[in-house]
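Here are the chains, one letter per residue:
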Amino acid sequence: MTASMDIGVGGLLTTLSKMALINGGVGFNIDLSRVPTDECGIDPTVLAFSETNARYVVEVRNKDIDKATSILTDLGVPFSVIGSSGGDYVVVRWGGGRELMTLKLNDLKTAYNSLWGGAL
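Procedures and definitions
- Residues numbered from 1 in each chain as written.
- Predicted model: local features only at pLDDT ≥ 70, side-chain atom pairs only at ≥ 80, totals over all residues.
- Heavy atoms only, no water.
- Helix = DSSP H or I, 4+ residues; strand = E, 2+ residues; numbered from the N terminus.
- Buried < 20%, exposed > 50% of the residue type's maximum accessible area, 1.4 Å probe, protein only.
- Contact = heavy atoms within 4.5 Å.
- Pairing = 2+ DSSP bridges.

Observations regarding the environment of Gly 25
At step 1: Position of Gly 25 relative to the elements: it lies in the loop between helix 1 (11–22) and strand 2 (28–31).
At step 2: Residue classification places Gly 25 among the partly exposed residues on the basis of a relative accessible area of 31%.
At step 3: Through-space distance from the C-alpha of Gly 25 to that of Asp 88 is 7.5 Å; in sequence the pair is 63 residues apart.
At step 4: Gly 25 has contacts with Ala 20, Gly 87 and Leu 105, leaving out every residue within four places of it along the chain.

Points about the pairing of strand 5 (residues 89–94)
At step 1: Pairing of strand 2 with strand 5, which is carried by 4 bridges, proceeds in the parallel orientation. Each bridged residue has a counterpart across the sheet, and for Phe 28 the counterpart in strand 5 is Val 90.
At step 2: For strand 5 and strand 6 (residues 98–104), the ladder comprises 6 bridges, and the chain directions are antiparallel. Within the sheet, the bridge partner assigned to Trp 94 lies in strand 6 and is Arg 98.

Some remarks on the environment of Leu 12
At step 1: On the secondary structure map, Leu 12 appears in helix 1.
At step 2: Sequence separation between Leu 12 and Leu 32 is 20 residues, and the spatial gap between their C-alpha atoms is 9.4 Å.
At step 3: What Leu 12 contacts, discounting residues up to four positions off in sequence, is Ile 7, Leu 32, Val 35, Leu 47, Ala 48, Ser 50, Val 57 and Ile 82.

Remarks on the environment of Pro 36
At step 1: Following the sequence through the fold, Pro 36 ends up in the loop between strand 2 and helix 2 (44–49).
At step 2: Placed 45 residues apart in sequence, Pro 36 and Val 81 show a C-alpha to C-alpha distance of 9.6 Å.
At step 3: Residues contacting Pro 36, with those up to four places away along its chain left out, are Phe 79 and Ser 80.

Written out as structure tokens, the structure reads:
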């Protein structure tokens, strides 16, 4: 495991954005339709910004993904692999192909710093 954070204030995309900036500027590519939900037909915007402290994002190195998924399965912990980290962009998709957002990581950092003064 390289990083983990609860999905609190601001929801999933805010959590992922903070993780991207905290980890030294590493982008991510996710598919919101892969996020587990009990609700049918949930809107991607609601899913992206829903605040739930009982959920976590765990970033795992590619070489450790099989071990991590095996452990979670053995423990009965519900999980889903929603994407990957790396690169200079934040890419959010729905259903594999429909792109909802693409943002340069530097633009995310600039926006975050202008709102919060660079405090993570």
